[in-house]
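For reference, the chains in residue letters:
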Amino acid sequence: MKLSIGVIFGGNSLEHELSILTAVQAMDNIDKERSKNNITLVNIPIKDFYEQEFSEAVKNYNEKQKRPSRKIGNYLEKVQEDKQLNEFYEIVVQIGDMHDTNCKDNPLNEIELLKKYVSDFQERYPNLKVFNAVIHLDEETPHLHLNYVPITENCKTGISKQNSQ
């Protein structure tokens, strides 16, 4: 049987992500009894992720600054204030639809494909760092929410490692 694959790309802010989550939880298609079946593959809080990825570059940058006004305090906050950057991006990947790939039918093959998508994603796109990946099995169709930050290194201006959009 042939199945379709749907992929949706988007830029987000944490407030937007949380409001979507709240709205989705209120929808009728969520089976809260099956929420325990959701599979978390990666879960690093965004604040911790930014600290882990950018703290050394920020420290090195700040050490070179002569004027205190040029120093960066919190890089995540700096990105959040920048209207040109998103603090992270999201991809939603779904295999099939509710008629041919239903979560109630124990979709083991689809789960394995979504897991492979995450591991292959990081290999294919090493500059797109995944900090959150969850397979949802509490709706009609299994799907993956994958959150990442695009990162560039060896920058000539600003800090050496940056959120690169």
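Residues numbered from 1 in each chain as written. Predicted model: local features only at pLDDT ≥ 70, side-chain atom pairs only at ≥ 80, totals over all residues. Heavy atoms only, no water.

**Q** Would you take a moment to explain helix α4 (residues 108–124) for this structure?
**A** Residues spaced three or four apart along an α-helix point in a common direction, a consequence of the helix completing one turn every 3.6 residues. In a regular helix each residue adds 1.5 Å, so 17 residues correspond to 24 Å; α4 covers 24 Å between its end C-alpha atoms and thus fits that length. Taken together, the buried positions of α4 are occupied by E110, I111, L114, Y117, V118 and F121. In an axial view of α4, the angular spread of the buried residues amounts to 110°, which keeps them on one side of the axis. Across from the buried face of α4, at angles greater than 90 degrees, the exposed residues are L108, N109 and E123. Of the surrounding elements, those touching the buried residues of α4 are β2 (39–43), β3 (88–95), β4 (128–136) and β5 (143–152). (Helix = DSSP H or I, 4+ residues; strand = E, 2+ residues; numbered from the N terminus. Expected span 1.5 Å × (residues − 1). Buried < 20%, exposed > 50% of the residue type's maximum accessible area, 1.4 Å probe, protein only. Arc of directions from axis to C-beta. Contact = heavy atoms within 4.5 Å.)

**Q** Quick question: what am I supposed to make of the packing of aromatic side chains here?
**A** Taken as a whole and judged by the stated rule, the model has 10 aromatic pairs. Seen from their ring centres, Y50 and Y75 are 6.0 Å apart, and the 40° between their planes marks the pair as tilted. On the criterion of sequence distance, the pair formed by Y50 in helix α2 (residues 46–64) and Y75 in helix α3 (residues 75–81) is long-range, its members being 25 residues apart. In this structure, Y50 and Y75 share a single accessibility class: buried. Considering the side-chain rings of F121 and Y125, the 5.2 Å spacing of their centres and the 55° angle between planes classify their relative orientation as tilted. Taken together, the ring pairs in this structure connect F49, Y50, F54, Y75, F88 and F131 into an aromatic cluster. Of note, R124 hangs over the ring of Y117, and the distance from its end group to the ring centre comes to 5.6 Å. (Phe/Tyr/Trp six-rings, centres within 6.5 Å; stacked < 30°, edge-to-face > 60°. Lys NZ or Arg CZ within 6 Å of the ring centre and 35° of its normal.)

**Q** Got a minute to help me understand the confidence of the model for the protein in this structure?
**A** A low pLDDT score tells you not to read the predicted coordinates there in detail. With 78% of its residues at a pLDDT of at least 70, the protein reaches an overall mean of 83. By mean pLDDT, helix α1 (residues 14–25) is the weakest element of the protein at 47, and α2 is the strongest at 97. Scored below 50 in pLDDT, residues 13–20 makes 10 contacts in the model with residues more than four places away or belonging to other chains. (pLDDT = per-residue confidence, 0-100.)

**Q** Teacher, can you tell me more about the side chain of H145 here?
**A** You can see H145 is positioned in strand β5. In terms of polar contacts, H145 uses its side chain to reach the side chain of H143, at 3.2 Å. Residues within four places of H145 in sequence aside, it is in contact with E90, I91, V92, N132, A133, V134 and H136. (Polar contact = N/O pair within 3.5 Å; in protein donor to acceptor, adjacent residues only side chain to side chain.)

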